[in-house]
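Examination of the molecular architecture
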Amino acid sequence: MFKKIMVPVDLAHVGEIGKALDTAADLAKHYEAKVDYVGVTTDTPSSVAHTPDEFRKKLEAFSAEQARQHGISASAKPVVCPDPAVDLDRYLSEAGDELGTDLVVMGSHHPGIMEHLVSSNAGYLAAHSDVSVFVVR
């Protein structure tokens, strides 16, 4: 049913998306699907990495560890975005299209007052994507 699962990953907050990571791995095993871990970074230094190349290496190591830990096929797709605060949703959507994703699994926080005014990243993808989006809380 699903062959390519995209999992957006914020390397600065991996501890908060454990349930989504486990869910994606479980679905990947069940459907014998590949998981693409997509991380978005800027071209300027951040708390995660000083350069896009350093970010790529960290995301690749994360992907390899997830594959080993869960026994799945996985890869990393780093995406450089000039302003993730503004363009994150669009860049994630474009990454899913490029990868041929047929399912997005992503973690989300419980909605607050801001989500009634502006949609969350998960909400945006669910509303604007042509593929299924599984939001894990």
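You'll find the structure just up there.
Residues numbered from 1 in each chain as written. Predicted model: local features only at pLDDT ≥ 70, side-chain atom pairs only at ≥ 80, totals over all residues. Heavy atoms only, no water.

**Observations concerning the packing of aromatic side chains**
- Applying the stated criterion across every chain yields a total of 2 aromatic pairs.
- The interplanar angle of 90 degrees and the centroid separation of 5.3 Å between the aromatic rings of phenylalanine 2 and tyrosine 31 together place this pair among those described as edge-to-face. Of this pair, phenylalanine 2 sits in the segment before β1 (4-8) while tyrosine 31 sits in helix α1 (residues 18-31), and the two are 29 residues apart along the sequence.
- Look at phenylalanine 2 and you get buried, because its relative accessible area is 12%. (Phe/Tyr/Trp six-rings, centres within 6.5 Å; stacked < 30°, edge-to-face > 60°. Helix = DSSP H or I, 4+ residues; strand = E, 2+ residues; numbered from the N terminus. Buried < 20%, exposed > 50% of the residue type's maximum accessible area, 1.4 Å probe, protein only.)

**Description of helix α2 (residues 52-70)**
- For α2, built from 19 residues, the straight-helix expectation of 27 Å at 1.5 Å per residue is met to within 8% by its first-to-last C-alpha distance of 27 Å.
- Turning to α2, its buried residues number three or more, namely Phe55, Leu59, Phe62, Ser63, Gln66, Ala67 and His70. The buried side chains of α2 occupy one side of the element, clustering within an arc of 135 degrees when seen end-on.
- After α2 finishes, the residue glycine 71 shows a positive phi value of roughly 70 degrees. (Expected span 1.5 Å × (residues − 1). Arc of directions from axis to C-beta.)

**Notes on the packing of α1 against α2**
- Put simply, α1 and α2 touch, their axes get as near as 11 Å, and they point 60 degrees apart. Looking at the two axes, α1 sits oblique to α2. In the packing of α1 onto α2, the handedness of the crossing is right-handed. From α1, Leu21, Asp22, Ala25 and Lys29 reach across to α2, where they touch Phe62, Gln66 and His70.
- Considered class by class, the residues forming the contact of α1 with α2 number 3 nonpolar, 2 polar and 2 charged. (Axes fitted to C-alpha atoms, helices over the stretch in contact; angles between N-to-C directions. Parallel < 35°, antiparallel > 145°, perpendicular 65-115°, else oblique. Left-handed = near helix turned anticlockwise from the far one by under 90°. Contact = heavy atoms within 4.5 Å. Nonpolar A, V, L, I, M, F, W, Y, C, P; charged D, E, K, R; others polar.)

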